[in-house]
Amino acid sequence: MGKVVVDVTMSLDGFIAGPSPSLEEPLGAGGECLHEWLFGLKSFRERHGREGGEANRDSDLLEESFRSTGAVVMGRRMFSGGEGGWTDDPNAAGWWGDEPPFRVPVFVLTHHERSTVTMKGGTSFTFVTSDPEHALAVAREAAGDKDVSVAGGASTIQQFLRAGLVDELQLHVAPMLLGSGTRLFEGLGPDDVRLEALRTVDSPRVTHVKFRVVR
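Parameters at a glance
Residues numbered from 1 in each chain as written. Predicted model: local features only at pLDDT ≥ 70, side-chain atom pairs only at ≥ 80, totals over all residues. Heavy atoms only, no water. Patch = residues over 30% accessible without salt bridge, like charges linked within 9 Å, V, L, I, M, F, W, Y side chains within 5 Å. Areas by Shrake-Rupley, 256 points an atom, 1.4 Å probe, with all protein chains shown as cover. Salt bridge = Lys/Arg side-chain N within 4 Å of Asp/Glu carboxyl O. Lys, Arg positive; Asp, Glu negative; His and termini not counted. Charge placed at Lys NZ, Arg CZ, Asp CG, Glu CD. Helix = DSSP H or I, 4+ residues; strand = E, 2+ residues; numbered from the N terminus. Buried < 20%, exposed > 50% of the residue type's maximum accessible area, 1.4 Å probe, protein only. Core = buried A, V, L, I, M, F, W, Y, C linked by side-chain atoms within 4.5 Å. Contact = heavy atoms within 4.5 Å.

Concerning a negative patch on the surface
Together, Glu24, Glu25, Glu32 and Glu36 make up a negatively charged patch on the protein surface. By the secondary structure assignment, Glu25 is in the loop between strand E2 (15-17) and helix H1 (36-39). By relative accessible area, Glu25 is classed as partly exposed at 40%.

Structure (structure tokens):
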């Protein structure tokens with residue numbers, strides 16, 4: 001059985017999205033800049049059907065994550081940015097077009113039932129209306145021996161951390177300040193999660209820090 005992993009980019013001041021997210025700016029004002037370290041990487045471009053890109057340590061770490069992931073769990077807000085019934089969601093198909101980059105089964109936590117949607121390239125979206133424990137159970141079954149990635153948003157990650165369901169946390173710390181927005185660890189304290197550093201990798205654009213969650 002694989003691990004349950006949170007893998008997310010964060011600003012130096014602890015935000016994973018900027019303020020005022022919208023359909024035009026799903027990561028809020030300035031939030032897209034957090035991920036600039038990704039866009040030119042060979043592994044990122046390949047995963048999005050593009051050629052070229054830089055082959056470096058950042059790209060290798062990203063490819064490592066792609067290879068080890070067998071299923072993904074995310075919240076409704078990460079999937080579409082919406083809430084309420086699906087018929088009223090202006091982005092009900094999600095952000096990623098006809099061929100999303102996940103290429104594995106994705107399980108979306110939501111309060112509203114919906115049939116599984118199968119996309120090109122191996123991605124499927126299954127909508128889970130129960131608790132994180134059940135979502136993880138079905139994701140583990142789909143992942144087999146590979147890892148389950150808890151992709152976000154912050155509320156979903158916090159739920160999994162509070163429930164003691166996460167094995168590893170990999171932060172990609174971007175050298176920038178957002179000042180406000182969505183904090184990754186909002187409301188969490190030492191009684192919710194304890195971490196042990198496993199690895200730190202520096203590069204000019206981002207610092208990668210992997211932690212083990214101490215039970």
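Things to note about the nonpolar core
Note that soluble globular proteins tend to have their nonpolar side chains buried in a common cluster. Counting residues in each nonpolar core, the largest one holds 31 residues, and the members touching the most others are Val6, Val73, Phe160, Leu171 and Leu184. For this core, the elements supplying multiple residues, two or more each, are strand E1 (4-11), strand E3 (69-75), strand E4 (105-109), helix H5 (132-143), strand E7 (147-152), helix H6 (154-162), strand E8 (168-174) and strand E11 (207-214). Apart from residues lying up to four places away in sequence, Leu171 is in contact with Val8, Met10, Leu184, Phe185, Thr207, His208, Val209 and Phe211. Judged by nonpolar contacts, the second largest core, of 13 residues, contains Met74, Trp86, Phe102 and Val106.

Some points on the pattern of salt bridges
The final tally for this structure, using the stated rule, is 10 salt bridges. Across the salt bridge formed by Asp89 and Arg76, the nearest N and O atoms sit 2.9 Å from each other. A residue pair is termed long-range when its members are at least 10 positions apart, and Asp89 in the loop between helix H4 (76-80) and E4 and Arg76 in helix H4 qualify at 13 residues. Among the salt bridges present, the one from Glu196 reaches Arg212, with a minimum N-O distance of 3.2 Å. With Glu196 in strand E10 (residues 194-202) and Arg212 in strand E11, this pair connects stretches of sequence that are 16 residues apart.

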